[in-house]
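# Residue-level structural notes
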Amino acid sequence: MKHEHTHHVAADADKVYAALADIRNLPHYVPQMTKAEPHDGDKVTVEARYQGHTQHGEGWFKTDDSKRRIEWGAEGSDYHGWLQVDPDEQGSRLTLFVATVHGDAPDPEVMGTLDAIRRLVEADV
């Protein structure tokens with residue numbers, strides 16, 4: 001299942017991108033994530049809490065500073081996504097795309113995550 005949503009963020013696009021592009025900041029912006037650590041180039045180790053259970057995973061996290069774009073996923077999984085930060089008249093436009101495995105993330109949950117990211121970024125930058 002694929003989800004794509006866009007929100008306005010009342011903050012400068014470069015500052016929003018810089019905050020989101022640092023993998024170590026993800027637990028601050030993504031409610032379920034408890035740990036995210038980079039290693040070996042674009043490889044990452046993550047930890048998240050879902051339905052009261054802690055899950056650990058390995059994946060990749062790539063940033064493109066010139067496009068203000070972040071892409072992520074996991075080898076051997078259909079799960080992947082991207083986040084794009086573009087300037088607009090009153091700050092920036094944040095677009096989130098997620099392809100979920102087996103349709104396990106309902107659209108309102110994805111929209112809620114994007115809104116949480118927007119609120120936290122606006123408060124931090």
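What comes next concerns the included structure. Note that the structure is a prediction, hence the values are computed from the model and not measured. Once a new chain begins, its residue numbering starts again from 1 and follows that chain's sequence as written. In keeping with the model being predicted, local features are shown solely for residues with a pLDDT of at least 70 and side-chain atom pairs are shown and tallied solely at 80 or more, while totals for entire chains, interfaces and linings include all residues. Side-chain measures were taken over the full set of non-hydrogen atoms in the model, leaving aside hydrogen atoms and water.

### A short note on the side chain of T95
Operational definition: Only runs of H or I of at least four residues qualify as helices and only runs of E of at least two qualify as strands under DSSP, and these elements are numbered from the N terminus. For the purposes of these results, a polar contact is taken to be a pair of N or O atoms within 3.5 Å, where, inside protein, one atom must be able to donate a hydrogen and its partner to accept one; residues adjacent in sequence count only when each atom of the pair is a side-chain atom. Whether two residues are in contact is decided by their heavy atoms: any pair within 4.5 Å suffices.
If you trace the backbone, T95 turns up in strand 7 (residues 91–99). Reaching out from T95, the side chain makes a polar contact with the side chain of T6 at a distance of 3.0 Å. Those residues within four positions of T95 in sequence are excluded, and the remaining contacts are E4, H5, T6, W82, L83 and Q84.

### Here we look at unusual backbone geometry
Despite not being glycine, D40 shows a phi value in the positive range, around 50°. One non-glycine residue, R68, lies in the positive phi region at around 55°. Secondary-structure assignment places R68 in the loop between strand 4 (53–64) and strand 5 (69–73).

### Topic: the sheet that holds strand 6 (residues 80–88)
As a reminder, the rule being used: DSSP calls a pair of strands paired once it identifies at least 2 bridges connecting them. Every angle, taken between N-to-C directions, lies between 0 and 180 degrees, and every axis is a line fitted to C-alpha atoms, over only the stretch in contact when it is a helix.
The strand order 1-7-6-5-4-3-2 describes an open sheet built from seven strands, whose pairing is antiparallel. Each edge of the sheet is formed by a strand with only one pairing partner; in this case those strands are strand 1 (2–9) and strand 2 (33–39). Taken pair by pair, the neighbouring strands of this sheet meet at an average axis angle of 20°, ignoring direction. As paired strands, strand 1 and strand 7 are joined by eight bridges and run antiparallel to one another. Within strand 7, the residue paired with H3 across the bridge is V98. In the packing of helix 1 (residues 13–21) onto the sheet, contacts are made with strand 1, strand 4, strand 5, strand 6 and strand 7, and the angle to strand 6 comes to roughly 160°.

### Things to note about helix 1
What counts, and what does not: Partly exposed residues are those whose accessible area sits between 20% and 50% of the maximum for their type, while under 20% is buried and over 50% is exposed, using a 1.4 Å probe and protein chains only.
Along helix 1, the positions that sit buried rather than exposed are A13, V16, Y17, A19, L20 and A21. You can read the cap of helix 1 off the contacts: a side-chain oxygen lies 3.0 Å from the backbone nitrogen of D14, and it is on D12.

### Comments concerning the nonpolar core
Let me state the cut-off plainly: Within this scheme, the nonpolar core is defined by two criteria: the residues are buried Ala, Val, Leu, Ile, Met, Phe, Trp, Tyr or Cys, and they are joined through side-chain atoms within 4.5 Å.
Counting residues in hydrophobic clusters, the biggest one holds 26 residues, and the most contacted among them are L20, I70, L83, V85 and L94. Breaking this core down by element, the ones donating at least two residues are helix 1, helix 2 (26–29), strand 2, strand 5, strand 6, strand 7 and helix 3 (107–124). Here the element with the most residues in this core is helix 1; it accounts for six residues. Not counting chain neighbours up to four residues away, the residues in contact with L20 comprise L26, Y29, F61, I70, L83, V85, L94, I117 and V121.

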